[in-house]
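# Summary of structural features
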Amino acid sequence: MSTPDILIQPSTTALSAAEREKLMASPGFGKLFTDHMVTIAYKDGAWQQGQVKPYGPLTLAPSASVLHYGQAIFEGFKAFMQPDGSIGTFRPEANAERFNRSAARLAMPALPVELFMKAADALINIDKGWVPKNVGESLYLRPFMIATDAFLGVRPSKEYLFVMIASPAGAYFPQGVKPVTVWISEDYVRAAPGGTGEAKCAGNYAASLLAQAQAQDEGCDQVVWLDAVQRSYIEEMGGMNLFFVYNENGKPVIVTPELTGTLLPGVTRRSLLQVAKDLGYESREVKLTAQQWRDDVASGRMTEVFACGTAAVITPVGHVKAKGYNFTINNGENGPVTMALRDALLGIQHGTKPDTHGWMHKVC
Ligand code: COI
């Protein structure tokens, strides 16, 4: 079955190139939005005609079930300006597939991957003037789906709205690529076995905010989550996956927590495991306790730590704090392996390094 084309209703109030350029001089993250968005409604068991239309408010019934029971999922991926002036997205199918796994967990309908791709391509195409040109900057695409049934009974909604918006983005963290300080949370957990930790659902992020606030109260930038059962295994940092770099006989070994069902399976995480291999680094997916983290830094075996995600790409971790102890990694500085991985990934995304795995999708 072929997916329907997306109808295009261009904005009559789109910003001029000069107005856009001015805004995009320092895009930051998540505060600027392009002129258009995509909407596709789901009803009577089917996806309806999709539309690209002017970016603007959504109309929802106050009884819409997303507002009460939180059936809401989202994704994030990026479009990059290429050296030849074309625009490419990084692994959009991987995000489309994860979107559908999140949808399944939240009892929501799947959106055909082809339709997700068409929606993204149509939006990027009409708003291509919003794709930043500088290295490290991109157009961040934010697809999401919400339950729209006007009904207060607790059951999966029968109607949904898929929306995709786009936002020119620079560095996620205002300080740029500088090591962050993290707080290991012993009071709160992000995800329990059988819960929604693997899904990119809004509720996971809502439930993280108090722990993040506690981290900030402790003078830290980000929270690090431990597993819900033993309260000892490292899971994630905020909404990002973590990597640990070991030095084994002079060679870097890249270690990341294994996907146990409570971690978000990051597209950047998966890509970095491959990039590490391409750079000749050994990599391992393991279960690592907070105690081991501390011991391995103290012994000098662990030399660098970083977090990764679509939004921030790679962020070094320089200091770790928890109740009763704290330690510093790599003198609180950016490490060479972290930066080599970051350069390699950004090179593929910006088209300055060969895309040997076919990760880039040409949009226009
Ligand atoms: C990402 O790292 O891309 C994330 O998921 C963070 C996002 C929620 C801003």
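Residues numbered from 1 in each chain as written. Predicted model: local features only at pLDDT ≥ 70, side-chain atom pairs only at ≥ 80, totals over all residues. Heavy atoms only, no water.

In the annotation of an unreviewed UniProt entry, the entry for the protein chain reads Branched-chain-amino-acid aminotransferase, and the organism field reads Pseudoduganella ginsengisoli. You can read under Cofactor (unreviewed entry) in the UniProt record for the protein chain the words "pyridoxal 5'-phosphate". Quoted straight from UniProt, the Function (unreviewed entry) entry for the protein chain says "Acts on leucine, isoleucine and valine." (UniProt positions renumbered as here; feature names shortened; annotations may be inferred.)

### A closer look at the overall build of the protein chain
Helices and strands together make up the secondary structure of the protein chain, namely 9 helices and 19 strands. Computed over its C-alpha atoms, the radius of gyration of the protein chain comes to 21 Å, within 12% of the 21 Å expected for a compact globule of 364 residues. Counting only C-alpha atoms, the protein chain reaches 60 × 50 × 40 Å along its principal axes. Here the protein chain holds 364 residues, and 51% of them are scored as buried. Across the protein chain, every contact between residues at least 6 apart in sequence was considered, and the portion connecting residues at least 24 apart equals 73%. By element, 52% of the accessible surface of the protein chain is carried by carbon and sulfur atoms, the whole surface being about 15700 Å². Considering the protein chain, the positive charge centre built from 33 side chains and the negative charge centre built from 35 side chains are found 1 Å apart. (Helix = DSSP H or I, 4+ residues; strand = E, 2+ residues; numbered from the N terminus. Rg over C-alpha atoms; globule rule 2.2 N^0.38 Å. Buried < 20%, exposed > 50% of the residue type's maximum accessible area, 1.4 Å probe, protein only. Contact = heavy atoms within 4.5 Å. Areas by Shrake-Rupley, 256 points an atom, 1.4 Å probe, with all protein chains shown as cover. Lys, Arg positive; Asp, Glu negative; His and termini not counted. Charge placed at Lys NZ, Arg CZ, Asp CG, Glu CD.)

### Comments concerning unusual backbone geometry
With phi around 65°, Val313 is a residue other than glycine that occupies positive phi space. Along the polypeptide, Val313 turns up in strand S17 (residues 313-322). Using a relative accessible area of 7% as the deciding quantity, one classes Val313 as buried.

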